[in-house]
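# Report on the structure
Listed here are the chains, written in short residue letters.
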Amino acid sequence: TPADMGRFISAFLRADSALPTEAWRLMRTVSWSAAPGAQGITLALHQQRVAGSTALVHAGSSSGYKSLLVLIPELNAGVFAVTTGGSGQFGYDLLRAFQEAIGGTEQSLVLDPLGADQQEAFPGIYLLGRSARATYERFPGLFLFSEELHLTDGGLLARREGGRWRNYGRKGPDALVRDDGQASIYFERDRTGSVLGMTAPDPFFGLEFPASYERLPRWLGPG
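Criteria and cut-off values
Residues numbered from 1 in each chain as written. Predicted model: local features only at pLDDT ≥ 70, side-chain atom pairs only at ≥ 80, totals over all residues. Heavy atoms only, no water. Buried < 20%, exposed > 50% of the residue type's maximum accessible area, 1.4 Å probe, protein only. Helix = DSSP H or I, 4+ residues; strand = E, 2+ residues; numbered from the N terminus. Pairing = 2+ DSSP bridges. pLDDT = per-residue confidence, 0-100. Core = buried A, V, L, I, M, F, W, Y, C linked by side-chain atoms within 4.5 Å. Axes fitted to C-alpha atoms, helices over the stretch in contact; angles between N-to-C directions. Contact = heavy atoms within 4.5 Å. 1 Å grid on protein atoms, 1.4 Å probe; cavity = no way out; pocket = protein on both sides within 12 Å on 5 of 7 lines; lining within 4 Å. Points joined across faces, edges and corners; volume = space filled by probe spheres on them. Nonpolar A, V, L, I, M, F, W, Y, C, P; charged D, E, K, R; others polar.

What follows covers the pairing of strand β9 (residues 157-161). When you tally the buried positions in β9, you get four out of five residues, the bulk of the element. Bridge count for strand β8 (residues 146-151) against β9 is two bridges, and the pairing is antiparallel. Bridging across to β9, H150 finds its partner in A158. Counting the residues between successive antiparallel strands, the hairpin from β8 to β9 contains five residues, one of them, G155, with a positive phi of roughly 80°. With five bridges joining them, β9 and strand β10 (residues 164-172) adopt antiparallel strand pairing. Paired with E161 across the strands is R164, a residue of β10.

Structure (structure tokens):
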């Protein structure tokens, strides 16, 4: 219930938490990330930039319910919401309202265009790693869990996230940064330099889960 989660948030944010010490530490310690300095995953929680700070976030859905939990230890702030039905866009609206309530604003970066090699290598079709690879579920999975990254006229990479298009610019040889500075994409190549896949935020109800995607040849895409 919201009352239960309120008690959990209070316990999580306190240094003298009633939570077991080891559990409290593991929920704050990154156990995996795509690259040094990248947003990672702790025990049950996911790192995400909110209001200019590192937040620990979780979201989920089951039988018509959706929920969002955001914890920002640095600001001693947290929020929990659960809904029945409605649009998944509500999670993003809630996150923006929470960010404004604690004094944060969304940044707007001037992005550097992709290099010539990146412009050729990065656009294409990518399939979420959690998608089915066998049985009849593979076919609808191509439509549900694949996405196409487009190159803009300005040399940026465009990706649809949380119901709107976001642009990414050059951050490193195989890394791009989003126009709000709050997320990044990391690409993986094989020995020949061909792109195998990427780690990118997988948006759901305000959460941006760092997920793995497989690069698909165009003839295997949903088209």
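This next bit is on the confidence of the model for the protein chain. When pLDDT is averaged across the protein chain, the result is 91; 98% of the residues are at 70 or more. In the model of the protein chain, helix α2 (residues 21-26) stands out as the element of lowest mean pLDDT, 87, in contrast to strand β7 (residues 124-128), which has the highest, 97.

Here we take up the nonpolar core. Membership of the largest hydrophobic core comes to 35 residues, with the highest contact counts inside it found for V70, F122, L157, F187 and M198. Among the elements that take part in this core, strand β14 (residues 207-216) stands out by supplying four residues, more than any other.

The next point concerns the sheet that holds β10. Within the closed barrel, the eight strands sit side by side as β7-β8-β9-β10-β11-β12-β13-β14. Their pairing is antiparallel. This sheet shows a mean twist of 35° between the axes of neighbouring strands, independent of strand direction. Across three bridges, strand β11 (residues 175-178) lies against strand β12 (residues 184-189) in antiparallel orientation. For V177, the partnering residue across the bridge sits in β12 and is S184. The strands touched by helix α5 (residues 138-145) within the sheet are β7, β8 and β14, with β8 carrying the most contacts at an inclination of about 40°.

A regular strand places its side chains so that they alternate between the two faces of the sheet. With respect to burial, β7 is a largely interior element, five of its five residues being buried. Where β7 meets β8, four bridges bridge the pair, whose relative direction is antiparallel. Considered in β8, the bridge of Y126 is made with E147. Sheet analysis places β7 next to β14, joined by four bridges and oriented antiparallel. Looking at the pairing, I125 lines up with L216 of β14.

Right, let's talk about the layout of surface pockets for a bit. Its volume calculated, the largest pocket comes out at about 470 Å³. Lining the largest pocket are 22 residues, and of these L128, D202, P203, F204 and Y213 lie nearest its centre. Looking at side-chain class alone, the lining of the largest pocket contains ten nonpolar, five polar and seven charged residues. By volume, the second largest pocket is sized at about 190 Å³. Residue lining of the second largest pocket: 16 residues in total, with A38, Q39, A183, S184 and Y186 positioned closest to the centre. The set of elements that each furnish at least two residues to the lining of the second largest pocket consists of β12 and β13 (195-204). Examining the composition of the lining of the second largest pocket, we find that three residues originate from one element, β13, more than from any other.

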